[in-house]
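Each chain, letter by letter, is given below.
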Amino acid sequence: MDIEFHYYITGIIADYAGFTKNEVEIIAYSSQFVDNNDVSIEVGEKGDPSYLKNYISQTMNILKAQEKLKRIYPIFHFVPGNPLDPRANRTDGKMHHFNCTPNSPMANSFFDAACLVDDNTRLYRIGIATHTYVDTWAHQNFVGWGDNFNGFKLNPLPNYGHADAGHHPDFIANIWDDTRLTKSAVSNNHRFLGAAKALFNKYLAYHIKEETYTKSDAPAWEKLQNTLEKLFGPGWGGSDNKDRDQRIAAYKKQINKKWVDNYERGKWLEDAITKRVRGLDDSKNLFPNWGLFATANEMMAETHLFEDKYSWKKGVDWKKSDWYLFQKAIIAHEKFALDKLSPIFKSVMGIDLRQA
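Residues numbered from 1 in each chain as written. Predicted model: local features only at pLDDT ≥ 70, side-chain atom pairs only at ≥ 80, totals over all residues. Heavy atoms only, no water.

Here we take up the overall build of the protein chain. Regarding its fold elements, the protein chain presents eleven helices and six strands. Excluding contacts between residues fewer than 6 apart, the proportion of contacts in the protein chain whose partners are at least 24 apart in sequence is 69%. With an accessible surface of roughly 16,700 Å², the protein chain has 53% of that area assigned to carbon and sulfur atoms. (Helix = DSSP H or I, 4+ residues; strand = E, 2+ residues; numbered from the N terminus. Contact = heavy atoms within 4.5 Å. Areas by Shrake-Rupley, 256 points an atom, 1.4 Å probe, with all protein chains shown as cover.)

As structure tokens, then:
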């Protein structure tokens, strides 16, 4: 999925499910920022109590993950699921222990753990877990690792994640063919509505537990479903992200200023941190639209002669800043996921995921 679901649709679902304006902003921004948190920086000086080096949760080049963090894919984007899921049936009969499948027990455990966090990172954890959870619908039948299981016939692209399928799995309303499957026709509207309903039910369960409302007076899925079907619009084929601008305009109209409707990837960092750029800006990808093959970003990052310097802004309570709390939540999410996944990767593939 891309920003359309991870930010706008997530925000619309969270708002409808009963989160406050401020809570919606945190959840939706955190969900999308998982994809944009792709540069590792150090804030302050080592040894100082305020020193922080963040963990990345995405890389622009899956073939050479920054700092060799290949583990970010099964942790944040391709959570291993159920290899026996009937939606994973293939023409070649292959199965994979770490195949990503919708609504898997592992992805549910990530989300449920986030809802139980008893500190001020909870909403950020929920946003991060939201991203990971709904991606199990978009990224179903792909493995977050380099493996021939991901490959399409006659496609020379490397078999990492859904590289062979391009952006088809991520676009709202796209209709495409996953030629590896026995049922090859894919409607992303169908998949994404399934993700939306499951996410809504997760949010609903959270609010019932928090006693925001009871089951009897909880909002109904059917009304939200009708809204989302109209927002998604008709299905379309091809590789261009057809009608994207019109859909985003419709999302903003639906939001109607209830919460921030323009996502700015650098906002949280700039609100909390003073950056002294020396040469090129280390915190920005120079080619943000190159996606999977943006090796130039990493080449530039690795050849900086003078590293930028980062410090907490004067007058800002850094421990309460959105960027700091998000980064603490990323670290906690990764730790929880590694505790769950590392033993499995070790036993099945002989790989130490903590070092991958």
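To continue, consider the packing of helix H1 (residues 3-17) against helix H8 (residues 244-255). Across the interface, H1 lies against H8 with an axial gap of 10 Å and an inter-helix angle of 20 degrees. For the element pair H1 / H8, the angle class is roughly parallel. Relative to H8, the crossing made by H1 is left-handed. Here Ile3, Glu4, Tyr8, Ile9 and Ile12 of H1 lie close against H8, whose contacting residues are Arg244, Arg247, Ile248, Tyr251, Lys252, Gln254 and Ile255. Taken together, the residues that form the contact of H1 with H8 break down as seven nonpolar, one polar and four charged. (Axes fitted to C-alpha atoms, helices over the stretch in contact; angles between N-to-C directions. Parallel < 35°, antiparallel > 145°, perpendicular 65-115°, else oblique. Left-handed = near helix turned anticlockwise from the far one by under 90°. Nonpolar A, V, L, I, M, F, W, Y, C, P; charged D, E, K, R; others polar.)

Our next topic: the pattern of salt bridges. Evaluated as defined, the whole model comprises 15 salt bridges. Measuring nitrogen to oxygen at the nearest pair gives 2.7 Å for the salt bridge that ties Glu25 to Lys21. In this pair, Glu25 and Lys21 are both assigned in helix H2 (residues 21-36), four residues apart and thus about one turn of the helix distant. On the basis of relative accessible area, Lys21 is assigned to the partly exposed category, the value being 46%. Of the charged contacts, one joins Arg71 and Glu334 as a salt bridge, the two residues approaching to 3.0 Å between their closest N and O atoms. Residue Arg71 is found in the loop between strand E2 (52-53) and helix H3 (72-77), and its partner Glu334 is found in helix H11 (residues 322-349); the two are separated by 263 residues along the sequence. Glu334 carries the same exposure label as Arg71, and that label is buried. Each of Lys335, Asp339 and Arg354 takes part in salt bridges that share partners, so that together they form one network. (Salt bridge = Lys/Arg side-chain N within 4 Å of Asp/Glu carboxyl O. Buried < 20%, exposed > 50% of the residue type's maximum accessible area, 1.4 Å probe, protein only.)

Time to look at the nonpolar core. Formed by 101 residues in total, the largest nonpolar core has its most connected members in Phe5, Ile9, Ile13, Tyr203, Leu228, Trp312 and Trp323. With sequence-adjacent residues up to four places away left out, Trp323 is seen in contact with Phe33, Ile41, Val43, Leu52, Asn54, Trp268, Leu269, Ala272, Ile273 and Trp312. (Core = buried A, V, L, I, M, F, W, Y, C linked by side-chain atoms within 4.5 Å.)

Before going further, it helps to examine the side chain of Arg247. For Arg247, the position within the fold is in helix H8. Taking relative accessible area as the criterion, Arg247 reaches 5% and is therefore assigned buried.

The next thing to look at is H2. Between its terminal C-alpha atoms H2 stretches 22 Å, which fits the 22 Å expected from 16 residues at 1.5 Å a residue. At Ser30, H2 shows its maximal kink, close to 25 degrees. Of all 16 residues in H2, 13 are buried; the element is thus mostly enclosed. (Expected span 1.5 Å × (residues − 1). Bend = angle between axes of the 7 residues up to and from the residue.)

A few words now on the packing of aromatic side chains. Going through the model one piece at a time under the given rule, you end up with 28 aromatic pairs. Summarising the aromatic geometry, the rings of Trp145 and Phe345 are spaced 5.5 Å apart at their centres and angled 50 degrees between planes, so their arrangement reads as tilted. Of this pair, Trp145 sits in the loop between helix H5 (122-138) and strand E3 (175-177) while Phe345 sits in helix H11; the two residues are 200 residues apart in sequence, bridging distant segments of the chain. In terms of burial, Trp145 and Phe345 fall into one category: buried. Ring plane angle 20 degrees and centroid distance 5.3 Å describe the contact between Trp312 and Trp318, whose orientation is recorded as stacked. Trp318 shares its class with Trp312; the two are buried. (Phe/Tyr/Trp six-rings, centres within 6.5 Å; stacked < 30°, edge-to-face > 60°.)

With 89% of its residues at a pLDDT of 70 or more, the protein chain shows a mean pLDDT of 90. Predicted confidence is poor over residues 287-305, with pLDDT under 50, and the contacts of this stretch with residues over four places away or in other chains come to 29 contacts. (pLDDT = per-residue confidence, 0-100.)

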